[in-house]
Amino acid sequence: MTLTLTDVTLTYPDGDARLTALDRVSLEVPAGTLTAVVGPSGSGKSSLLAVAATLVAPDRGRVVVAGTETTGLSRAEQAALRRERIGVVFQQPNLLPSLTAVEQVQVMAHLSGIRPRAARGRAEELLDAVGLSGQADRRPHQLSGGQRQRVNIARALMNEPAVLLVDEPTSALDHERGAAVLGLLLALTRERATATVLVTHDRTHPDRADTTVTMEDGRLTAGGRTA
Ligand code: ADP
Ligand code: MG
């Protein structure tokens, strides 16, 4: 299963005119691979993820998530697709302050329709997978920035997504912790066969991605590899 964007254009209202956030963007991400999208702030990276996540409808173009063309779906159908097939890791973890790490992951089960009894075990497995088995009972203030980001990633995997969309997960981390999070995302992509898109403005991280593309002024160009 793959993620495919074909000729996607997205504009936002900008006074009397329209601002083109995505300009005929095409991208194919096969299952089990990670594509890094590198570009400066304001180039359209988050917009790309929002369209891929069906959170924002493009003006034109096709988005196919795990075999389903998303742009023709109703809002309710898109919401169901997000629950079942898409994992999103936002830049800021937005963890709930009163919940422990394992509870943060577990609550996602309600949205994904996983039975509560199964959810606890699955949340524990996911925390193991992201290297946090010893921190399951800690609350966010007892975790480092890198550990919080790992909880964030575990949470996005609760519904066994086909497509994993990750927005600048390393921007608040130092280089070493950022590299560790990237390594983790690569390993999870392989193990769980997700079609993963990682966007970042940091050119130093994605040298281990399967594919690196560059975003500039809403346009995607192949290459951009710095390694
Ligand atoms: P990046 O994630 O690369 O920083 P964004 O996708 O957030 O870029 O933004 C791309 C462009 O679209 C920027 O010029 C930004 O100001 C604009 N933009 C983003 N979201 C909105 C919105 N909801 N309404 C209007 N303009 C937006
Ligand atoms: Mg952004």
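Residues numbered from 1 in each chain as written. Chains lettered and ligands numbered in written order. Predicted model: local features only at pLDDT ≥ 70, side-chain atom pairs only at ≥ 80, totals over all residues. Heavy atoms only, no water.

> Any chance you could explain the sheet that holds strand S2 (residues 17-29) here in plain terms?
Across the sheet, 4 strands lie side by side as S2-S1-S4-S5; this open sheet has antiparallel pairing. The sheet is open, and its two borders are formed by S2 and strand S5 (68-69), each paired with just one other strand. In this structure, strand S1 (residues 3-14) lies alongside strand S4 (residues 60-65), joined through 5 bridges in antiparallel fashion. Looking at the pairing, Thr4 lines up with Val64 of S4. Across the sheet, helix H1 (residues 45-52) lies against S1, S2 and S4, angled at about 120 degrees from S1, the strand it touches most. (Pairing = 2+ DSSP bridges. Helix = DSSP H or I, 4+ residues; strand = E, 2+ residues; numbered from the N terminus. Contact = heavy atoms within 4.5 Å. Axes fitted to C-alpha atoms, helices over the stretch in contact; angles between N-to-C directions.)

> How should I be thinking about the environment of Thr170 in this particular structure?
When you line up the elements, Thr170 lands in the loop between strand S7 (163-167) and helix H7 (175-192). When the C-alpha positions of Thr170 and Val51 are compared, they lie 21 Å apart, and in sequence the two are 119 residues distant.

> Explain the side chain of Ser43 here, please?
With respect to the element layout, Ser43 can be found in the loop between strand S3 (33-38) and H1. Excluding its chain neighbours within four sequence positions, the residues that come into contact with Ser43 are Ala21, Met215, Glu216, Asp217 and Gly218.

> What is the right way to look at the pattern of salt bridges in this model?
Should the charged atoms of two oppositely charged side chains come close, the side chains can pair. Applying the stated criterion across every chain yields a total of 7 salt bridges. Each of the salt bridges in this network shares a partner with another, and the network as a whole consists of Asp23, Arg24 and Arg219. (Salt bridge = Lys/Arg side-chain N within 4 Å of Asp/Glu carboxyl O.)

> Explain the site of ligand 1 here, please?
Close contacts around ligand 1 come from Tyr12, Leu19, Ala21, Pro40, Ser41, Gly42, Ser43, Gly44, Lys45, Ser46 and Ser47, and that covers them all. Ser43 places a polar main-chain atom, nitrogen or oxygen, 3.2 Å from an oxygen atom of ligand 1. In the environment of ligand 1, an oxygen atom lies 2.6 Å from a nitrogen or oxygen atom belonging to the side chain of Ser47. Among the elements of the structure, S2 and H1 are those that each provide at least two residues to the shell around ligand 1. (Near = heavy atom within 4 Å. Polar contact = N/O pair within 3.5 Å; in protein donor to acceptor, adjacent residues only side chain to side chain.)

> I would appreciate a short explanation of the side chain of Arg155 in the present structure.
With respect to the helices, strands and loops of the structure, Arg155 is situated in helix H6 (residues 145-156). Buried and unpaired, Arg155 has no salt bridge, with Glu103 as the nearest side chain of opposite charge at 12 Å. A distance of 2.9 Å separates polar atoms of two side chains, one belonging to Arg155 and the other to Asn152. Those residues in contact with Arg155 that lie beyond four places of it in its chain are Pro93, Asn94, Leu95, Gln104, Val105 and Met108. (Buried < 20%, exposed > 50% of the residue type's maximum accessible area, 1.4 Å probe, protein only. Lys, Arg positive; Asp, Glu negative; His and termini not counted.)

> Looking at this structure, I do not really get the sheet that holds strand S10 (residues 219-222). What am I missing?
Two modes of strand pairing occur in sheets, parallel and antiparallel, and in both the strands are linked by backbone hydrogen bonds. Spatial strand order, S6-S7-S8-S3-S9-S10: 6 strands in an open sheet with mixed pairing. Edge positions in the sheet fall to strand S6 (86-89) and S10, since each has one partner strand and no second. Looking at each pair of strands side by side, their axes are set apart by 20 degrees on average, direction ignored. Judged from the 4 bridges that link them, S3 and strand S9 (residues 211-216) form a sheet pairing that is parallel. Bridge pairing in S9 links Val37 to Val213. Sheet contacts for H6: S6 and S7; angle to S6, the most-contacted strand, approximately 165 degrees.

> What is the right way to read unusual backbone geometry from this model?
If a residue is not glycine, its phi is most likely negative; likewise, a peptide bond is most likely trans. Its identity is not glycine, yet Asn94 carries a phi of approximately 45 degrees, on the positive side. Positive phi, close to 45 degrees, is recorded for Glu168, a residue that is not glycine.

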